[in-house]
Each structure stands twice: as C-alpha cells, then as structure tokens.
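Residues per chain are reported as follows:
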Amino acid sequence: MPPYMPPPGAMLHGPPGLPPPGHLPPSGHLPPPGFPPAFPNPNAPRPAVLAQGPKSYAADYAMHQKLISAGLAGQVTNVWVGKISPIIEDSLVRKFLEFCGPLTAWDRVEVGGQPKSFGFAKFSHGEGAQRALRLLNGLKLGNEELLLRVDTNTTEQLAEYEKKKEAFIAKEKEERSKLSEEQLAQLAPLPFSDTEDRDREAKRNIDLILTGINTALEEGEEHEGLVGKEVRVYKEKLANVERGKREKEMELERRKKEKEEQENRERQRRKEREEREFRERERRTRK
C-alpha cells in the first residue's frame, strides 16, 4: 500500500480523522494536535514500550476510532465557488482553498477550453468547508469578490456535522474530567480545540499572498516565489483583459460606424427615390 502523500501545495493538516482511505502516512509523521490521527506503519518494528505522551501512535489511533464511531471522519463536503475573476489562475484559487483544509478535488468549469467564473471544491472534511465559507466568501480576488455557497444537502450535512461535533466534544470532556493527569498525558489532544488558531493561520497565509500581490502591483516591484509568479500571471491576464476590452470597444465602434453609414446610404437612396417619384408625378400632371 503506497504511503500517504498530501495533494500538491496542500497544508499538512486536516480535520479530526484520517488521510484519504487506503493510504498510510510514513512512519514518524503525525499531523498537528487536534487534527487527523494517523495509523502507525504496520511494517515498522513494535517498540517494547509504547511512546509516552499525547503524540503516541496508540493515542492517535484510539482517537481516530472514536471519531469514526462518532461519524466525524472521512465525509467529503462540496462547496460551490463563484465570481472568480478571469484574470485569476486556478493555482491561486486552489492554494487559498487548501489553506482552509485539504481538498480531494478542485474543478473549475471550462467551456471550449476557456475557464468559467465558477468551480466546485471537495473538502475531505467539514472543518475545511466551514473555514472556506468563513474566510473566502466575499474575499476580493482580482477584480471580483469570491462567492462561496453550499446546496441544501450540504447545508444539512454541515448542520448534522456540527451537532455530532458538539456531542463528541461534550462526551470527551466529561470522560477526561474523570481521569488523572497521568492518564490524560497518554491521550491525544482534544479535537477541534484549535479551530480559532487554524482560522488565524489560514487567514494569515491568505493575507500574506494578497498583500504581496497588491503591493507588487501598486509599486511595480519584482517578487520571487508564489507571490512573484501570481503577480506576473495577474499582470499578464490583466493586460489581456484590457486588450480584449479595447478590441471589443473598437469592434463596437466599427459596427456602430458601419450601421450609421448604412443608415445614411438608405436615407440618401430613399430621398433620391422620392425625388424621382415627385418629378414623375409632375411630368404626368403637365400632360
């Protein structure tokens, strides 16, 4: 079975739960506290004594089993992402989505090879979808403000997810209140306890890129890395959009001019025809 690898550019954390089914993380790599516990490598030699402390594989595995039983692991959540500016590359949209949580898929709709202004994100858990709705909806990206929505089924799914999560946290806190400090030290950290920290981290990453892009655009500075790449792409697409606008305006002006010339020719022909008919009537009257 191949080792678990996060998608390109994805943050190395996820929701309470596991990586995608059928994958195993390499031995020795654990997600941050409060996020998906990982299976231990079944081929690794077993230690004589399990590792002590909240980061032990045994504790993470036990927590994962609890999350599965509570229906809080492995539930893909769909989010519609609209009002994507035509000058914004998919790589940047995907990066912002991945700041909110790991994706199983991001599909921007295309027609005739041209990207449309919307797409569909599939988060591997409800936490990522909820974070995206909180942080990205209304975010100004390029010359548009992103619009994120979920359908009725997903709304109900997230509401049920929240109920299960609250019930799980309450039960877990009650169970832990009866344990000694030594017993608590053997447990994995309480899931969902760092949601605000995760929000701040994601927002900081998003703001960092946006600030870099906006500053570079305003000051004309050259940047390296992701910011530099996105600035260059943004400028290129912006130039293409402006060029397209000018070409469209010129085409509209050309058509307007042609229409006016056509109308003038029609008026002139009508006038000449009326004059001929008038002269013909006069000639007949004289006879």
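For every chain, the first residue of its written sequence is number 1, and the numbers climb from 1 along that sequence. For a predicted model such as this one, the threshold for reporting local features is a pLDDT of at least 70, and the threshold for listing and counting side-chain atom pairs is 80 or more; totals across whole chains, interfaces and linings nevertheless cover every residue. Hydrogens and waters are ignored; side-chain quantities use all the structure's heavy atoms.

Asker: How should I be thinking about the pairing of strand β2 (residues 103–111) in this particular structure?
Answerer: Across a regular strand the side chains alternate sides, sitting on one face of the sheet and then on the other. Here 7 bridges tie β2 to strand β3 (residues 114–123), and the two strands are oriented antiparallel to one another. Its bridge partner lying in β3, Glu 110 is registered against Pro 115. Between the end of β2 and the start of β3, which pair antiparallel, lie 2 residues, with Gly 112 showing a positive phi angle near 65 degrees. When DSSP finds at least two bridges between two strands, those strands are taken to pair. Labels follow the DSSP assignment, with helices taken as runs of H or I lasting at least four residues and strands as runs of E lasting at least two, numbered in each case from the N terminus.

Asker: How do you make sense of the side chain of His 125 when you look at a structure like this?
Answerer: Its place among the elements puts His 125 in the loop between β3 and α3 (126–135). His 125 sits in the buried class, given a relative accessible area of 2%. At a separation of 3.0 Å, a polar atom in the side chain of His 125 contacts the main-chain amide nitrogen of Glu 127. For His 125, the side chain forms a polar contact with the main-chain nitrogen of Gly 128, separated by 2.9 Å. Using a 1.4 Å probe on the protein chains alone, a residue whose accessible area is under 20% of its type maximum counts as buried, one over 50% counts as exposed, and one in between counts as partly exposed. Pairing of N or O atoms within 3.5 Å defines a polar contact, subject to two protein rules: one partner must be a possible hydrogen donor and the other a possible acceptor, and residues neighboring in sequence count only if both atoms are side-chain atoms.

Asker: Can you walk me through the environment of Gly 119 in this structure?
Answerer: When you line up the elements, Gly 119 lands in strand β3. As for Gly 119 and Val 109, which are separated by 10 residues in sequence, their C-alpha atoms are 5.2 Å apart. Apart from residues lying up to four places away in sequence, Gly 119 is in contact with Val 79, Trp 80, Val 81, Ile 84, Trp 106, Asp 107, Arg 108 and Val 109. Every residue pair with non-hydrogen atoms within 4.5 Å of one another is taken to be in contact.

Asker: Help me out: how do you make sense of the sheet that holds β2 in this one?
Answerer: As a general point, the strands of a sheet are linked pairwise by backbone hydrogen bonds and lie either parallel or antiparallel. Strand order in the open sheet made by the 4 strands is β2-β3-β1-β6, with antiparallel pairing throughout. Of all strands in the sheet, those bounded by a partner on one side alone are β2 and β6 (147–149). Here the strands of the sheet are splayed against their neighbours by 25 degrees on average, with no regard to which way each runs. Strand direction decides the pairing type here: strand β1 (residues 77–82) and β6, joined by 3 bridges, are antiparallel. When the sheet's bridge partners are listed, Trp 80 is paired in β6 with Arg 149. The axes used here are C-alpha line fits, helices contributing only the stretch in contact, and every angle between their N-to-C directions lies in the interval 0 to 180 degrees.

Asker: What is the right way to read the pairing of β1 from this model?
Answerer: By the bridge criterion, 5 bridges tie β1 to β3 in an arrangement that is antiparallel. Within the sheet, the bridge partner assigned to Asn 78 lies in β3 and is Lys 122.

Asker: Sorry, what's going on with the nonpolar core here?
Answerer: Soluble globular proteins: nonpolar side chains tend toward being buried together. Counting residues in each nonpolar core, the largest one holds 28 residues, and the members touching the most others are Val 81, Phe 96, Leu 97, Trp 106, Phe 123, Leu 136 and Leu 141. Sorting the residues of this core by element identifies β1, α2 (90–100), β2, β3, α3 and α6 (195–219) as the ones contributing at least two each. When residues of this core are assigned to their parent elements, the largest contribution, 6 residues, is made by α2. Residues within four places of Phe 96 in sequence aside, it is in contact with Leu 136, Leu 139, Leu 141, Ile 206, Ile 209 and Leu 210. Side-chain atoms within 4.5 Å link the members of a nonpolar core, which is a set of buried Ala, Val, Leu, Ile, Met, Phe, Trp, Tyr and Cys residues. The next biggest cluster of nonpolar side chains, apart from the first, holds 10 residues, and it includes Ala 59, Met 63, Tyr 161 and Leu 190.

Distances and angles like these do not, on their own, reveal function.
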